[in-house]
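So you can see what is in the structure, the chains are spelled out below.
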Amino acid sequence: MTQLTHINAAGEASMVDVTDKAETAREARAEAYVSMAPRTLAMIIDGSHHKGDVFATARIAGIQAAKRTWELIPLCHPLLLSKVAVELEAQPEHNRVRIESLCRLSGKTGVEMEALTAATVAALTIYDMCKAAQKDMTIGPVRLLTKSGGKSGDFRREEVC
């Protein structure tokens, strides 16, 4: 098993020192799903939601969340992201919305947490905007799809939901 990087020699939580790491191009993609009743999804698709454009709001929330991940996750480094994208796709055949986020930078540490945070907050925003219409929506799975760059190498999830 690989050693946990956020634990110091005394077994305490510790921020990883990236001072001596080389700057490399790094990218991560994550996805999240929000499942809902067909009538709730139809309201999003046809734009009849009284709070406005659900997808536009969720996209902005996801982008903002990626930029602020270091404020939410205690041991994350503040990062100068060069690209954040959040795409939303209605999947009526599954009564859900699929969210995919992309985060990219040239830096000393990866962007997996930023991609996961973007997808998660976009999903939470959809829930928040639609909870008046339906309280029993579900969020998940939220998962890392790909990661590239850095010492630990590349990762690509083979299975798709």
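Residues numbered from 1 in each chain as written. Predicted model: local features only at pLDDT ≥ 70, side-chain atom pairs only at ≥ 80, totals over all residues. Heavy atoms only, no water.

- Going by an unreviewed UniProt entry, the protein chain carries the name Cyclic pyranopterin monophosphate synthase and comes from Affinibrenneria salicis.
- Under the Pathway (unreviewed entry) heading, UniProt states for the protein chain: "Cofactor biosynthesis; molybdopterin biosynthesis." (UniProt positions renumbered as here; feature names shortened; annotations may be inferred.)

1. Considerations on the environment of Glu158
At step 1: Here Glu158 is to be found in the segment after β5 (155–156).
At step 2: Here Glu158 falls in the exposed class, since its relative accessible area comes to 68%.
At step 3: Separated by 39 residues in sequence, Glu158 and Ala119 have C-alpha atoms that sit 19 Å apart. (Helix = DSSP H or I, 4+ residues; strand = E, 2+ residues; numbered from the N terminus. Buried < 20%, exposed > 50% of the residue type's maximum accessible area, 1.4 Å probe, protein only.)

2. Points about the pairing of strand β1 (residues 24–35)
At step 1: In this structure, β1 lies alongside strand β3 (residues 96–107), joined through twelve bridges in antiparallel fashion. Pairing of Glu31 across the sheet is with Glu100, part of β3.
At step 2: Summarising the sheet, β1 and strand β4 (residues 138–148) pair through eight bridges and their orientation is antiparallel. Note that in β4 the partner of Ala30 across the bridge is Leu144. (Pairing = 2+ DSSP bridges.)

3. Observations concerning the packing of helix α2 (residues 54–67) against helix α4 (residues 112–130)
At step 1: Interaxial distance between α2 and α4 falls to 7 Å at its minimum, and their mutual angle equals 145°. The way α2 lies across α4 gives a crossing that is right-handed. For the pair formed by α2 and α4, the contact residues are Val54, Thr57, Ala58, Ala61, Gly62, Ala65 and Ala66 on the first element and Glu114, Thr117, Ala118, Val121, Ala122, Thr125, Ile126, Met129 and Cys130 on the second.
At step 2: Of the residues in the contact of α2 with α4, the class split is eleven nonpolar, four polar and one charged. (Axes fitted to C-alpha atoms, helices over the stretch in contact; angles between N-to-C directions. Left-handed = near helix turned anticlockwise from the far one by under 90°. Contact = heavy atoms within 4.5 Å. Nonpolar A, V, L, I, M, F, W, Y, C, P; charged D, E, K, R; others polar.)

4. Observations concerning the pattern of salt bridges
At step 1: Counted under the stated rule, the structure contains eight salt bridges.
At step 2: Between Glu100 and Arg98 there is a salt bridge whose closest N-O contact spans 2.8 Å.
At step 3: The salt bridge involving Lys131 is made with Asp128; its shortest N-O contact spans 2.4 Å.
At step 4: Asp128 gets classed as partly exposed once you look at its relative accessible area, which sits at 36%.
At step 5: Each of the salt bridges in this network shares a partner with another, and the network as a whole consists of Glu27, Arg29, Glu31, Arg98, Glu100, Arg104 and Arg143. (Salt bridge = Lys/Arg side-chain N within 4 Å of Asp/Glu carboxyl O.)

5. Considering helix α1 (residues 38–46)
At step 1: Looking at α1, one finds that the buried residues are Thr40, Leu41, Met43 and Ile44. End-on, the buried residues of α1 take up no more than an arc of 155°, which puts them together on one face. Of the exposed residues in α1, those oriented more than 90 degrees away from the buried face are Pro38, Arg39 and Asp46.
At step 2: Buried-residue contacts for α1 involve α2, β2 (83–91), β3 and α4.
At step 3: A positive backbone phi angle near 75° is found at Gly47, which sits one or two residues after α1. (Arc of directions from axis to C-beta.)

6. Structural notes on a nonpolar patch on the surface
At step 1: Together, Leu124, Ile139 and Val142 give the surface a local cluster of nonpolar side chains, amounting to about 220 Å² of exposed area.
At step 2: Along the chain, the position of Val142 falls in strand β4.
At step 3: Of the residues examined, Val142 reaches a relative accessible area of 33% and is grouped as partly exposed. (Patch = residues over 30% accessible without salt bridge, like charges linked within 9 Å, V, L, I, M, F, W, Y side chains within 5 Å. Areas by Shrake-Rupley, 256 points an atom, 1.4 Å probe, with all protein chains shown as cover.)

7. Side note on the pairing of β2
At step 1: Judged from the nine bridges that link them, β2 and β3 form a sheet pairing that is antiparallel. What sits directly across from Val84, in β3, is Cys103.
At step 2: In this antiparallel pair of consecutive strands, β2 and β3, the connection spans four residues, and Asn95 shows a positive phi of 55°.

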